[in-house]
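# Descriptive analysis of the structure
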Amino acid sequence: MSEPPAPDNSARGLDPHAVEAGLRRLARADEPPWLHREVARRMAERLAIIRAQPTQLLDWWSWLGAGGEALAQAYPQAQRVLVEPTEALKARSEAALARPWWSPKRWQSNAPRVLLESESLPEGSQLVWSNMMLHAVADPPALFARWQRALAVDGFVMFSCLGPGTLRELRALYERLGWGAATPNFIDMHDLGDMLVHAGFADPVMDQEVLTLQWRDADALLAELRGLGGNAAPQRFPGCRTPRWREHLRQELGRLAKDQDRISLSFEVAYGHAFRAAPKAPVSQETQVPLSDMRALIRSRNSKSVR
């Protein structure tokens, strides 16, 4: 069976400045987004299907992913390496891990470490855990390749991210009113599976679920969306919005209210896991056999034919 064609990543489209601004804002928040914490809980339930017990794992974008407690509970003996995208988020992780000098946890040999994403990673990890961050990455195939290199053979990656069905109601509203892109493009889970295969992973398993969140009014909804990082689509409206436009948006969002006068929006969450396969020896188009071996093979065949 031939491999699927290399996925085209040109349509990913993220404004790096908007992503950086969103990360700065999230690093100042009191806590990670509620949605991230809930998805981390759901993803941790899936660890039960994996028999492997990692001794070292990488928790990618750990503070925002909000999966540290679940990982510590699932693998209490594992060395956790928290990988953060910015200095500010690294500081948040370090503060969360800080212990008094007299605490026994401060001196444990497997105490968690915090690294920047730009730093060299330890090799031979058995798990890369990534919760709700891939949709903020401009080049997922390159990141998959890096994860593959960091894993030991038979190590596995487990991740979640937002999928194409996310905020479909809001995107339809923006499109109808000609307001530009409401969200960046989200990658379909089947394309993520193809990217995993091309990065050298085996047996990728992908699935998804749609969560419907509700808010009492438009202001609560907009505050929640801002707390998830904001809109990093390059095709978004380039300038500042006016108070009149915001009031128009509030009215339009109010028209989406249905059940008990609450506004509902959809969030598609894609889940995936895959294993790092053992490297395969390259197949040569040319095979060289010594002449003496060929003669011995011919003599052996002639001897058998005589019998």
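Let me begin by describing the structure that accompanies this report. (Residues numbered from 1 in each chain as written. Predicted model: local features only at pLDDT ≥ 70, side-chain atom pairs only at ≥ 80, totals over all residues. Heavy atoms only, no water.)

## Structural notes on the pairing of strand E2 (residues 79-84)
Of all the six residues making up E2, six are buried; the element is thus mostly covered by neighbouring parts of the structure. Here E2 shows two buried faces, one formed by Gln79, Val81 and Val83 and the other by Arg80, Leu82 and Glu84. For E2 and strand E3 (residues 113-116), the ladder comprises four bridges, and the chain directions are parallel. In the sheet register, Leu82 faces E3, and the bridge partner there is Val114. (Buried < 20%, exposed > 50% of the residue type's maximum accessible area, 1.4 Å probe, protein only. Helix = DSSP H or I, 4+ residues; strand = E, 2+ residues; numbered from the N terminus. Pairing = 2+ DSSP bridges.)

## Re the packing of aromatic side chains
Taken as a whole, this structure holds eight aromatic pairs when the rule is applied. Judged by centre distance (5.8 Å) and plane angle (45°), the rings of Phe156 and Phe275 are tilted. Remark: Phe275 occurs in strand E7 (residues 263-276) and Phe156 occurs in strand E5 (residues 151-162); sequence separation between them is 119 residues. Accessibility expressed as a relative area gives 0% for Phe156, which makes it buried. A network of ring pairs unites the aromatic residues Trp60, Phe144, Trp147 and Phe159 as a single cluster. Seen from the ring of Trp245, Arg241 lies directly overhead, with NZ or CZ sitting 4.1 Å from the centre. (Phe/Tyr/Trp six-rings, centres within 6.5 Å; stacked < 30°, edge-to-face > 60°. Lys NZ or Arg CZ within 6 Å of the ring centre and 35° of its normal.)

## A word on the sheet that holds E2
Pairing in this open sheet of seven strands is mixed, and the strands run E3-E2-E1-E4-E5-E7-E6 from one edge to the other. The open sheet has two edge strands, E3 and strand E6 (201-215), and neither has a second partner. Strand-to-strand twist of the sheet, defined as the mean angle between neighbouring strand axes without regard to direction, takes the value 15°. Across the sheet, helix H2 (residues 34-45) touches strand E4 (125-131), E5, E6 and E7, and the angle it forms with E4 is around 140°. (Axes fitted to C-alpha atoms, helices over the stretch in contact; angles between N-to-C directions. Contact = heavy atoms within 4.5 Å.)

## Here we look at the packing of helix H9 (residues 218-227) against helix H10 (residues 243-254)
With their axes 9 Å apart at the nearest point, H9 and H10 run at an angle of 105° to one another. It follows from the interaxial angle that H9 and H10 lie roughly perpendicular. Residues Ala218, Asp219, Leu221 and Leu222 of H9 pack against Arg246, Leu249, Arg250 and Leu253 of H10. For the contact of H9 with H10, the class distribution of residues is five nonpolar, no polar and three charged. (Parallel < 35°, antiparallel > 145°, perpendicular 65-115°, else oblique. Nonpolar A, V, L, I, M, F, W, Y, C, P; charged D, E, K, R; others polar.)

## Side note on the environment of Val269
On the secondary structure map, Val269 appears in strand E7. For Val269, a relative accessible area of 0% puts it in the buried group. Note: C-alpha distance between Val269 and Met132 (137 residues apart in sequence) is 8.5 Å. The contacts of Val269, once residues within four sequence positions are left out, are Val39, Met132, Ser160, Cys161, Asp207, Gln208, Glu209 and Leu211.

## Re helix H5 (residues 87-97)
Within the span of H5, buried status applies to Leu89, Lys90 and Ser93. Seen from one end, H5 has its buried residues packed into an arc of 105°, which puts them on one side. Pointing more than 90 degrees away from the buried face of H5 are the exposed residues Glu87 and Ala95. Contacts made by the buried residues of H5 are with helix H1 (16-27), helix H3 (62-65), E2 and E3. (Arc of directions from axis to C-beta.)

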